[in-house]
Amino acid sequence: MSYEKKKIPGQLFIFLSFLTIFYFAYWPIFAFDFAFHDEVVLFAKGLPIPCYIHDFFSGRFIGAIVGMSLQNVLNRIVDLHILRFLNLVLLSLMGTMTIGWLKQKSVNPAQGFCAVLIVFTQPPFQVWMASSGIIFHFASVFYSFLATVILTRSKDLNDRHTFQSAFLLMIALMFYPPGAMFFWAVNAGIFLFNCYQGDRSEQKKHLFNTFAVGMTVIMIYAVILKCVKPSFHYDESWKLYDPTQMTWNYFQKFSWFKDEVVFSSLNLWNIFPIQNVSFLVATVILSAFCLRISKRCHHEPDQRSVIRDLLLGVVLLPGFLILSFLPNLAAQGNAPWYRCCVGVTTVIVFLLIWAVYEWHLFIPKRWRGLFLTMILICGSGYGAYQAARTILLYRVLPCAMEFNDVKKQLSLFPMEKSRRIHFILNKNPMLHSRYDELGLFNLDIPGTAYLVTTLAIKEIAWERWIKIINLTGHMEGDLFVVDFMLQPKHVSHPVSYRLLISDNLTFPQEQLQLGLSVIDLTGVHQEIADMIKDLEKKF
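The structure reproduced in this document is the subject of the present report. Everything numeric here is computed off the predicted structure, so don't read it as measured data.

1. Considerations on the overall build of the protein chain
And step 1. Looking only at helices and strands, one finds 21 helices and five strands in the protein chain.
And step 2. Relative to its full complement of 539 residues, the protein chain shows a buried share of 53%.
And step 3. At a minimum sequence separation of 6, the contacts of the protein chain that also span at least 24 residues come to 77%.
And step 4. About 25,200 Å² of surface is accessible on the protein chain, with carbon and sulfur atoms providing 65% of the total.

Given below as structure tokens:
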């Protein structure tokens, strides 16, 4: 039996271990049938959905194609579980590949395993796992990770591995640019943990290859964006998503980056940032740097080498932090969403693990390995708990309970050939929310009412064995009009129906007599909010 074949059982065990732990960390997304905004869009067959058109012309060329393709294969909410499982598989594959690579660098596999769990339970990955409709986000991270792994095998810039790495990084950018910045985060970890085991020439070569490949690919990608931009008109509502509009106010942008993005990332799993937590994490990291410098100055006779390494770290680590958020940092709008922070958060985690490693050297030598391993085990366990808690409270329960109530109220309406449906929403925020990602109801997002309504109609029809055909939609003033035909079982000819849906109109009371059906969600929204407050106290 060859050496490679001998490794397969071990790799399979590691993969299944990751898959099992990630499943328990993200169990709420499998325990409930729900769909958030980015997932509801996937079921809008035949309806005009501008987001994928925008995705394509804003540089997510492959991601947009994947999103539009998914619209053709998804029929029910339960189908989303397949996408969520594929996301788990991608995470587990990256974790398995990381452990294999770390073994080659003589890193403790148990410590590496826990470090991977800590990274992949951070808020950006929580948001992605809870939004399976954006599966191409995971693909961007996966391809950028592969690009880094292959680049470590490169001997020089003319090596085939260099071109393979550049190609994979370009693919990652075309899936989702913020996710592709994971490339810089992984390379920051390689530099920070000195994965070339003191071989300065190898480390310098890898750093040079990293910046040569990364910056070249990004510049080529920027040229492609500039060429595509004139063919698409950006509406004002998309301004935060326009990567071709570059900012020139660098001081304001870096100040925002420090105060908002880095501050949130320093809070690790806490999605509602606390200033003291950020200060504590930052203090641990900065004190570890001071400790490393003092030890080097005390034990290293060549002070010039110490100064050179210090300057290199002072320049490179902030550089990696900035590059890991480059698309959003370079664009005009301030877009701090967690789904864009996968690179920044990963760099922060690597810095914190490195800092803990520096401080653990004060532990007696025979206890050091056990102490560091236990710290990482506790961190990974806490991360898995926080991931499950956050997703359950601030994504799954609000969406699942809201949708079930909408479907229940719709099923009580008599099916007529034409019906106007108006949603009454609670104008006051009832949940703690974080951006447009966590702590929101679907219907808190403008323009989602018609998507939720059409999906509820589909679910009701499916449960009653009724076939829906020729579903189309268009706007008429402030109303969204959905036309479709139903063909119940044992009926020869389909019947046409029309829904007129609104969620932001005022209407006179007499319209209630003219076929206006009202779905009042204020009660269920308040019920959900109260329940989540109780759960917050218990957990």
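2. Observations concerning the side chain of Thr453
And step 1. Summarising the element assignment, Thr453 is placed in helix α20 (residues 449-463).
And step 2. A distance of 2.7 Å separates a polar side-chain atom of Thr453 from the backbone oxygen of Ala449.

3. Some points on the packing of helix α14 (residues 250-265) against helix α18 (residues 342-359)
And step 1. Between α14 and α18, the least distance of the axes is 8 Å, while the angle of their chain directions is 60 degrees. When the interaxial angle is binned, α14 and α18 end up oblique. Judged by the twist between their axes, the crossing of α14 over α18 is right-handed. Counted together, Phe257, Val261 and Ser265 of α14 and Val344, Thr345 and Ile348 of α18 form the full contact between these two elements.
And step 2. In terms of residue class, the contact of α14 with α18 is made up of four nonpolar, two polar and no charged.

4. A closer look at the environment of Val89
And step 1. Among the secondary structure elements, Val89 is positioned in helix α6 (residues 80-104).
And step 2. Taking the C-alpha atoms as reference points, Val89 and Tyr23, 66 residues apart in sequence, are found 9.9 Å from one another.
And step 3. Those residues within four positions of Val89 in sequence are excluded, and the remaining contacts are Phe15 and Leu19.

5. Considerations on the packing of aromatic side chains
And step 1. Inspection of the entire model under this criterion finds 28 aromatic pairs.
And step 2. Here the aromatic rings of Tyr23 and Phe24 are separated by 6.0 Å at their centres, their planes lie at 85 degrees, and the arrangement is edge-to-face.
And step 3. By relative accessible area, which is 38% here, Tyr23 ends up partly exposed.
And step 4. Aromatic pair Trp248 and Tyr250: ring centres 6.3 Å apart, planes at 75 degrees, arrangement edge-to-face.
And step 5. Exposure remark for Trp248: the relative accessible area of 70% places this residue in the exposed category.
And step 6. Judged by its relative accessible area of 43%, Tyr250 is partly exposed.
And step 7. Put simply, the rings of Phe18, Phe22, Phe113, Phe120, Phe125, Trp128, Phe138, Tyr176 and Phe182 pair up and form one aromatic cluster.

6. Focus on the pairing of strand β2 (residues 466-476)
And step 1. Bridge count for β2 against strand β3 (residues 479-488) is nine bridges, and the pairing is antiparallel. Bridge pairing in β3 links Met475 to Phe480.
And step 2. The antiparallel hairpin formed by β2 and β3 contains two residues in its connecting segment, where Gly477 sits at a positive phi of about 65 degrees.

7. As for the side chain of Glu536
And step 1. Inspection of the secondary structure puts Glu536 in helix α21 (residues 522-538).
And step 2. Arg389 provides the closest opposite charge to the buried, salt-bridge-free Glu536, at an N-O distance of 5.3 Å.
And step 3. In this structure the side chain of Glu536 is engaged in a polar contact, spanning 2.4 Å, whose partner is the side chain of Tyr394.
And step 4. Among residues more than four places away in sequence, those in contact with Glu536 are Arg389, Leu393, Tyr394 and His432.

8. Considering the pairing of β3
And step 1. Buried residues dominate β3, accounting for eight of its 10 residues.
And step 2. Two strands pair when backbone bridges link them, and β3 and strand β4 (residues 495-502) are joined in this way by seven bridges, in the antiparallel orientation. Pairing of Met485 across the sheet is with Ser496, part of β4.

9. Considerations on the packing of helix α12 (residues 182-192) against helix α13 (residues 200-228)
And step 1. One can describe the packing of α12 onto α13 by two numbers: an axis separation of 11 Å at closest approach and a directional angle of 170 degrees. Here α12 lies roughly antiparallel to α13, going by the angle between them. Residues Phe183, Trp184, Asn187, Ile190 and Phe191 of α12 touch α13, and the partners they reach there are Gln203, His206, Leu207, Thr210, Phe211, Gly214, Met215 and Ile218.
And step 2. By residue class, the composition of the contact of α12 with α13 is eight nonpolar, five polar and no charged.

10. Quick word on the sheet that holds β2
And step 1. Strands sit in the order β2-β3-β4-β1-β5 across an open sheet of five strands; the sheet is mixed. Two strands bound the open sheet, and with one partner strand each, they are β2 and β5 (516-520). Pairs of neighbouring strands in the sheet enclose a mean axial angle of 25 degrees, with direction left out of account.
And step 2. Sheet strands touched by α20: β1 (418-424), β2, β3 and β4. Its angle to β2, the strand with the most contacts, is close to 170 degrees.

11. So, the pattern of salt bridges
And step 1. Here the structure, examined in full by the defined rule, presents eight salt bridges.
And step 2. Across the pair Arg292 and Glu358 runs a salt bridge whose closest N-O atoms are separated by 2.6 Å. Of the two residues, Arg292 sits in helix α15 (residues 275-299) while Glu358 sits in helix α18, which places them 66 residues apart along the sequence.

12. Some details on the state of the cysteines
And step 1. For the coordinates displayed, the defined rule picks out zero disulfides.
And step 2. Cys340 takes part in no disulfide bond, and the closest cysteine sulfur, belonging to Cys341, lies 6.4 Å away.
And step 3. We classify Cys340 as buried; its relative accessible area is 6%.

13. With respect to the environment of Trp462
And step 1. Within the secondary structure layout, Trp462 lies in helix α20.
And step 2. Take Trp462: its relative accessible area is 47%, and that puts it in the partly exposed class.
And step 3. Between the C-alpha atoms of Trp462 and Arg76, which are 386 residues apart in sequence, the distance is 8.4 Å.
And step 4. Look past the residues within four positions of Trp462 in its chain and what remains in contact with it is Asn75 and Arg76.

Scoring rules and cut-offs
Residues numbered from 1 in each chain as written. Predicted model: local features only at pLDDT ≥ 70, side-chain atom pairs only at ≥ 80, totals over all residues. Heavy atoms only, no water. Helix = DSSP H or I, 4+ residues; strand = E, 2+ residues; numbered from the N terminus. Buried < 20%, exposed > 50% of the residue type's maximum accessible area, 1.4 Å probe, protein only. Contact = heavy atoms within 4.5 Å. Areas by Shrake-Rupley, 256 points an atom, 1.4 Å probe, with all protein chains shown as cover. Polar contact = N/O pair within 3.5 Å; in protein donor to acceptor, adjacent residues only side chain to side chain. Axes fitted to C-alpha atoms, helices over the stretch in contact; angles between N-to-C directions. Parallel < 35°, antiparallel > 145°, perpendicular 65-115°, else oblique. Left-handed = near helix turned anticlockwise from the far one by under 90°. Nonpolar A, V, L, I, M, F, W, Y, C, P; charged D, E, K, R; others polar. Phe/Tyr/Trp six-rings, centres within 6.5 Å; stacked < 30°, edge-to-face > 60°. Pairing = 2+ DSSP bridges. Lys, Arg positive; Asp, Glu negative; His and termini not counted. Salt bridge = Lys/Arg side-chain N within 4 Å of Asp/Glu carboxyl O. Disulfide = S-S within 2.5 Å.

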